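The residues making up each chain are set out below.
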Amino acid sequence: MIRNENPVIANSLWSATASYSAEYPQLVGKQQSDVTVIGAGFTGLSAAIRLAEQGVKVVVIDAQHPGWGASGRNGGQINVGLKDGPTGIKTKFGDLWGTRMIRMAGDAADLVFDLIARHGIECDAKRPGWLRAAHTHKTLSELHKLAEDWGNHGGGMIQLDQSEMQRLTGTEAYLGGVLDRRGGVLHPLNYALGLAEAGRRNGVQIFGETPANQIKSEAGRFRVETPKGAVISEKVLICTNAYSGDLHPRLAQSVLPVRSVQVASSPLSDNLRRTILPEGNALSDARRLLLYFRQDAEGRFLMGGRGTYNNNSTLKQIERLKRISVELFPQLSGVQWEFEWGGFVALTRDHYPHLHELTPGVMTGLGYNGRGVAIATAMGRVLAKWAIGTKADELEFPVTPLKPLPFSFAKETLVEAEILRLKLLDKLGL
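In this report, we go over the structure that sits alongside the text. Keep in mind the model is a prediction, meaning the values are calculated, not measured. (Residues numbered from 1 in each chain as written. Predicted model: local features only at pLDDT ≥ 70, side-chain atom pairs only at ≥ 80, totals over all residues. Heavy atoms only, no water.)

1. Considering the sheet that holds strand S10 (residues 205–207)
Item 1. Read from one edge of the open sheet, six strands run S10-S4-S3-S14-S21-S20, paired in mixed fashion. Edge strands, defined here as strands with exactly one partner in the open sheet, are S10 and strand S20 (354–359). Neighbour-to-neighbour, the strand axes of the sheet open up by a mean angle of 20°, direction not taken into account.
Item 2. Here strand S3 (residues 35–38) runs beside strand S14 (residues 235–238); their pairing, made up of four bridges, is parallel. Paired with Val 37 across the bridge in S14 is Leu 237.
Item 3. Helix H2 (residues 42–53) rests against S3, strand S4 (58–61), S10, S14 and strand S21 (362–366) of the sheet, and its axis sits at about 165° to S4. (Pairing = 2+ DSSP bridges. Helix = DSSP H or I, 4+ residues; strand = E, 2+ residues; numbered from the N terminus. Axes fitted to C-alpha atoms, helices over the stretch in contact; angles between N-to-C directions. Contact = heavy atoms within 4.5 Å.)

2. Notes on the pairing of strand S16 (residues 282–285)
Consecutive side chains along a regular strand alternate between the two faces of the sheet.
Item 1. Taking every second residue as pointing to the same face, both faces of S16 are buried, with Ala 282 and Ser 284 on one and Leu 283 and Asp 285 on the other.
Item 2. As paired elements, strand S6 (residues 130–134) and S16 share four bridges and run parallel to each other. Bridging across to S16, Arg 132 finds its partner in Ser 284.
Item 3. Alignment of S16 against strand S17 (residues 292–295), held across two bridges, turns out to be antiparallel. Residue pairing across strands places Ser 284 opposite Tyr 292, the latter belonging to S17. (Buried < 20%, exposed > 50% of the residue type's maximum accessible area, 1.4 Å probe, protein only.)

3. Structural notes on unusual backbone geometry
Item 1. With a phi angle near 55°, Ala 219 is a residue other than glycine that sits in the positive phi range.
Item 2. Here Ala 219 shows up in the loop between strand S11 (214–218) and strand S12 (221–226).
Item 3. Look at Ala 219 and you get exposed, because its relative accessible area is 82%.

4. Comments concerning helix H5 (residues 162–169)
Item 1. The set of residues buried in H5 consists of Met 165, Leu 168 and Thr 169. Looking down the long axis of H5, one finds its buried residues gathered within 90° of arc, a one-sided arrangement.
Item 2. Taken together, the buried residues of H5 touch S6, strand S7 (157–160), strand S8 (176–180) and S16.
Item 3. Gly 170 occupies a position one or two residues after H5 and carries a positive phi of about 90°. (Arc of directions from axis to C-beta.)

5. Observations regarding the pairing of S4
Item 1. The alternating pattern of S4 places Val 58 and Val 60 and Val 59 and Ile 61 on opposite faces, both of which are buried.
Item 2. Taken together, S3, H2 and S4 form a β-α-β motif whose crossover is right-handed.
Item 3. Pairing analysis gives three bridges linking S4 to S10, with the strands arranged parallel. Of the residues in S10, the one forming a bridge with Val 59 is Gln 205. (Right-handed = clockwise from strand over helix to strand, strands pointing away.)

Rendered as structure tokens:
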């Protein structure tokens, strides 16, 4: 479990407005399954649904409840792609793997909207497009090159100049950017809870308040020990991302859990709503410590950014987000801020998601680096394919050796130092 889950920033908009209220009981006794899924976020639930559709018996366990972690606390932005554009992906991973990864990442948003439509998930999903905004000429050039790159690999992005960005955002703060028509928005917790309900309707057994304490080999199968029971299965998928805890220490040491925080206003008047992101887009800027904002279905303005491990500085960051919101949109001056909350996302050293076979029969996917709505959903499908027998070299994403981060014992200090460094670079415009 992540330390320093600050109760002061636990007032989540998404929890307060969740429309699903199903109970997922604690596992008591022994269960048999073909596959055990540990973690009921986007990754685990996506994998479980796919497996159930293939006739596989699945048990999902979660230390809390479906959507409790980052899946239920994020900004609800459905964005497409990975750290680099298609050319950069191919340069790093080669043509074969690069082509597969580009297709997976490019189609990830389609997968989200397909799951929502097929299973009738009520989560305020809309697809107006996702904006990337540039605050310097350097980042504007980089974003326009990214749009050109995607244009050579199936398209999806439109270059925007300053006037076009101002029209779509309602602020003069940005020099331009890109619009990715593949992206969109949703209520992330309702999406997670809707996936859980869809899984349950398809025969998936889901247990809450059931942490995995240990994974043991037992007569050619795996026994996942929980506080009051166990699940015995042929394969195990670990889908715990930033909340991996002590179940597999080296796994937790392979990512940096970094807090992301958000604030949300009270619902804005119709006149005010029309002056901010009037077409309903979500936006992330191109800063190293990025800002991201949107409106929800009720017209609340949401602003998010990076927090720290230190609770006092995180609370200061929350106040900073409110201040920046008014700087970008002076018409928000005097607005009431109704919610403020945070949670942890998992960053990797190379800023790409990772897929690891921890031992024969146990696989994990994690490290979405702030792009989890679409990519985690897609990674769940990759894990499901592996669980039903697809060979590692035939998957859409490469399976790589697990490598703990150097100095992982001091990760909190390193994250704090890195945030200060990136904040300085952003301030200098470098």
